Amino acid sequence: MATQYRLELKEGIEPDSIKNGSKAEVGVDGVEGAKVLLLKVNGELRVLNPRCTHYGAPLVNGVVTGDGRLTCPWHGACFNTATGDIENAPALDHLNSFPVTVKDGAIYITATEEKIKSGRRRPQIQCTPAATAEHVVIVGGGSGAIGTIESLREKGFSGQITCITKEPYYPIDRTRLSKALATDANKLQWRDSNFFNSAGVTFKLNTIVTEVDFANKKVKTEDGNEMEYSKLVLATGGTPKRLPLEGFDLGNVFLLRGIEDAKSIVEAVGDKKDKKIVVIGSSFIGMELGNYLANQKNDVTIIGIESAPLERVMGAQVGQVFQRLLTSAGVKFRMRANVEKATPSSADPSKVGSVLLKSGENIVADVVILGVGVAPETRYIKDESLLLEDKSLRVDDHFRIQGVQDAYAVGDIATFPYTGPGTNGPTPVRIEHWNVAQDTGRQVGAHIAAGEDPTHFIPIFWSALGVQLRYCGNISPHGYDDLVIQGNPEEAKFIAFYCKGETVVAVASMQQDPAMSQSAELMRRGGMPSKSELKAGKSVFDVDVTAKVKI
């Protein structure tokens, strides 16, 4: 039963003195050790659970916007401060929101002790599917799929939902594979079978889709079965690329996509963790794996074709920051290097023994991991006219596939119209970010269930590179022509602004939270400082995050 609890304000703080936009983590009288987040938005006091439901970031360090959003300082999850509902990935659970009463100079909330202590509110999506012709089939079992499923049910869809995935487990936190080589499916799965069963969602695990018959609205699977749909959502993500060079079919040469790949790498590295490991590709996956394995006391070499890691995305100056961080962890780099071939081990010719560079250098390797990018997983699309040059699918702003009816695509396989800064109108982009897949899945679910219009968002991602990297925006539509850095890159404590003309199109930061979240919200509003202002020393924290959204 709900009870009124008094909030433990600091001495001298009166409810009327609390300013708009302020936030404080406060105790709850009568609930030992409990904390809640007290905010004031548009003249109204609001109280929520205090930690992000994604990885537990303290939301008191987040960003409160004029339209009542609260953005996590770490990974960009957004919550509605009035309801606690999720508005942007990567969080899946909502926050509890508590009614507020002010009396006799004190602030009270109406709550149960359980909700105060739980810190989160799971989506209430229990459903017994109606016996209708409405059947949403989702192909793929990742971030986009779970975003679609939960949005469908939360927005009131009561028909059948079937999710077909080639993986043997329910949707997992795939980001932890490269950052920590996590291998326990029970710990990686966001939801268990009971959750999906109660939501009336059927999962077809270990099932590969071989073809989609768009004309007759059927999905065909490798086991010879067919499944009809009324709406189709394709969320199959990317497939890691292999090197088409001699020797890369040897044993102990690995890709990383799923839990089984991570298990294979962990087994090959072994318990002693003193292996010579070569990572080919200075991508985010390659860098994260290299960082983790070096910290596990292995001898790690990363080979990259650029002058600095991640130069194509982040620029050489910022890439050198990452290189210094990993070098301090013991990683060796071979940059501006091209691979000739992999050669067998003399002890066991079935396994890799070294990687030969075109320069003639031969790098001994017990284990080789390829991090050379991914390709859209659309091999089941037999109509080549639907595929763009990179094998992705062109979608509209509702993520409907162009050229067919009642079919959507989300995540890595979707080229969608981006309207962020620097685009001058909708511009086709494809973005391989975890948050983007989940956000686009949520939007598709809301459109199918309730006909909701799309809500444009700023892409966000993060990476573990010795120090946490935060990034928002997108440079891919038209690139960038200047880089403004505030802070000290030598100490990996900086904010980097990627500019096209006077417009900031992307922001990267390390040890400057919540700079990324503040920038993402300013980008949505067209409120970012200009390049000239940033060069003159203006801070993103000097700019109010207003209510008006412009993209």
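Here the structure is a predicted model, which is why all the values come from computation and not from measurement.

Re unusual backbone geometry
Part 1: Of note, the bond from Ala 89 into Pro 90 is cis; its omega dihedral lies within 30 degrees of zero at 15°.
Part 2: Looking at the secondary structure, you find Pro 90 in the loop between strand S8 (86-88) and strand S9 (97-98).
Part 3: With an omega of 5°, the peptide bond running from Asp 513 to Pro 514 counts as cis.
Part 4: Along the polypeptide, Pro 514 turns up in the loop between strand S37 (503-510) and helix H11 (515-524).
Part 5: A positive phi angle, near 55°, is found at Arg 336, a position not held by glycine.
Part 6: Along the chain, Arg 336 falls in the loop between strand S23 (332-334) and strand S24 (339-344).

Looking at the environment of Ile 458
Part 1: The topology assignment puts Ile 458 in the loop between helix H10 (434-450) and strand S33 (460-464).
Part 2: Residue Ile 458 is classed as buried on the basis of its relative accessible area, which comes to 7%.
Part 3: When the C-alpha positions of Ile 458 and Thr 419 are compared, they lie 8.8 Å apart, and in sequence the two are 39 residues distant.

Focus: the sheet that holds strand S31 (residues 414-418)
Part 1: The mixed open sheet is built from 3 strands, whose spatial order is S29-S31-S32. Taken across any chain shown, the strands that pair with only one partner, and hence form the sheet edges, are strand S29 (393-394) and strand S32 (427-429).
Part 2: Two strands pair when backbone bridges link them, and S29 and S31 are joined in this way by 2 bridges, in the parallel orientation. Residue pairing for S31: Leu 393 is matched across the bridge by Ala 414.

Description of the pattern of salt bridges
Part 1: Tallying each qualifying case throughout the model produces 33 salt bridges.
Part 2: Residue Lys 155 is joined to Glu 452 by a salt bridge in which the shortest nitrogen-to-oxygen separation is 3.1 Å. With Lys 155 in the loop between helix H2 (143-154) and strand S13 (160-164) and Glu 452 in the loop between H10 and S33, this pair connects stretches of sequence that are 297 residues apart.
Part 3: Look at Lys 155 and you get partly exposed, because its relative accessible area is 39%.

As for the side chain of Thr 236
Part 1: Tracing the backbone through its elements, the reader meets Thr 236 in the loop between strand S18 (231-234) and strand S19 (238-240).
Part 2: You can call Thr 236 buried: its relative accessible area is 16%.
Part 3: Among the polar contacts made by the side chain of Thr 236, one reaches the main-chain carbonyl oxygen of Glu 377 at a distance of 2.7 Å.

A word on the pairing of strand S35 (residues 482-488)
Part 1: Two strands pair when backbone bridges link them, and S35 and strand S36 (residues 493-500) are joined in this way by 7 bridges, in the antiparallel orientation. Residue pairing across strands places Ile 485 opposite Ala 496, the latter belonging to S36.
Part 2: Linking S35 back to S36 in an antiparallel pair, the connection comprises 4 residues, with Ala 492 at a positive phi of about 55°.

Some remarks on the environment of Gly 33
Part 1: Inspection of the secondary structure assignment puts Gly 33 in the loop between strand S2 (23-28) and strand S3 (35-41).
Part 2: A relative accessible area of 76% places Gly 33 in the exposed class.

What to know about the sheet that holds strand S21 (residues 276-280)
Part 1: Strand order in this open sheet of 5 strands is S20-S27-S21-S22-S23, and the pairing throughout is parallel. Two strands in the sheet have a free side with no partner beyond their single neighbour: strand S20 (253-254) and S23.
Part 2: Relative to strand S27 (residues 367-370), S21 runs parallel, the two sharing 4 bridges. Considered in S27, the bridge of Val 278 is made with Val 368.
Part 3: Together, S21, strand S22 (299-303), S23 and S27 form the strand contacts of helix H7 (residues 284-295), whose direction differs from that of S22 by roughly 165°.

Examining the pairing of S22
Part 1: Across the 5 residues of S22, 4 count as buried, placing the element largely inside the fold.
Part 2: In the classification by handedness, the crossover that spans S21, the intervening H7 and the parallel S22 is right-handed.
Part 3: In this structure, S22 lies alongside S23, joined through 3 bridges in parallel fashion. Across the sheet, residue Ile 302 finds its bridge partner in S23, namely Phe 333.

A closer look at the packing of aromatic side chains
Part 1: Scanning all chains against the criterion turns up 10 aromatic pairs.
Part 2: Their ring planes at 85° and their centres at 5.5 Å tell us that Phe 195 and Phe 196 sit as a pair that is edge-to-face.
Part 3: Classification of Phe 195 as buried rests on a relative accessible area of 7%.
Part 4: Ring geometry for Phe 399 against Phe 416: centres 5.5 Å apart, planes inclined by 50°, an arrangement best described as tilted. In this pair, Phe 399 is assigned in the loop between S29 and strand S30 (407-409) and Phe 416 in strand S31, connecting sequence segments 17 residues apart.
Part 5: For Phe 416, a relative accessible area of 6% gives the class buried.
Part 6: An aromatic cluster is defined as three or more aromatic residues linked by ring pairs; in this entry it consists of Phe 284, Phe 461, Tyr 471, Tyr 480 and Tyr 498.

Let's talk about the nonpolar core
Part 1: If you look at the biggest cluster of nonpolar residues, it comprises 76 residues, and the most contacted ones within it are Phe 214, Leu 232, Leu 234, Phe 416 and Phe 497.
Part 2: The dominant element in this core, judged by the number of residues it contributes, is H11, at 5 residues.
Part 3: If we ignore the near neighbours within four places in the chain, the residues touching Leu 234 are Val 139, Val 212, Phe 214, Tyr 380, Ile 381, Leu 393, Ile 401, Tyr 408, Ala 409, Val 410 and Ile 413.
Part 4: Ala 182, Ile 265, Leu 325 and Ala 496 belong to the second largest nonpolar core, which has 49 residues in total.

What counts, and at which threshold
Starting afresh in each chain, residues are numbered from 1 along the sequence in its written order. Restriction of local features to residues with pLDDT of at least 70 applies here, the model being predicted, together with a cutoff of 80 or more for giving and counting side-chain atom pairs; totals for whole chains, interfaces and linings are based on all residues. Water and hydrogen atoms were dropped before computing side-chain values, which therefore reflect all heavy atoms in the structure. The numbering of helices and of strands both runs from the N terminus, where a helix is a DSSP run of H or I of at least 4 residues and a strand a run of E of at least 2. Burial classes: relative accessible area under 20% of the type maximum marks a residue as buried, over 50% as exposed, and values in between as partly exposed (1.4 Å probe, protein chains only). Two strands form a pair only when DSSP identifies at least two bridges running between them. The rule for a salt bridge is simple: a side-chain nitrogen of Lys or Arg has to be within 4 Å of a carboxyl oxygen of Asp or Glu. Polar contacts, as used here, are pairs of N or O atoms within 3.5 Å; protein pairs need one atom able to donate a hydrogen and one able to accept it. Residues neighboring in sequence count only if both atoms are side-chain atoms. By definition in these notes, contact holds between two residues if any of their heavy atoms fall within 4.5 Å. Note on geometry: axes are lines fitted to C-alpha atoms, helical ones only across the stretch in contact, with angles between N-to-C directions running from 0 to 180 degrees. We call a crossover right-handed when, viewed with both strands directed away from the observer, the connection leading from the first strand over the helix to the second proceeds clockwise. Each pair of aromatic rings taken from Phe, Tyr and Trp, with Trp reduced to its six-membered ring, is defined by centres within 6.5 Å and is described as stacked if the planes are under 30 degrees apart, edge-to-face if over 60, and tilted in the remaining cases. Here, nonpolar core refers to any group of buried Ala, Val, Leu, Ile, Met, Phe, Trp, Tyr and Cys residues whose side-chain atoms link them within 4.5 Å.

None of the figures reported here should be taken as evidence of function without further support.
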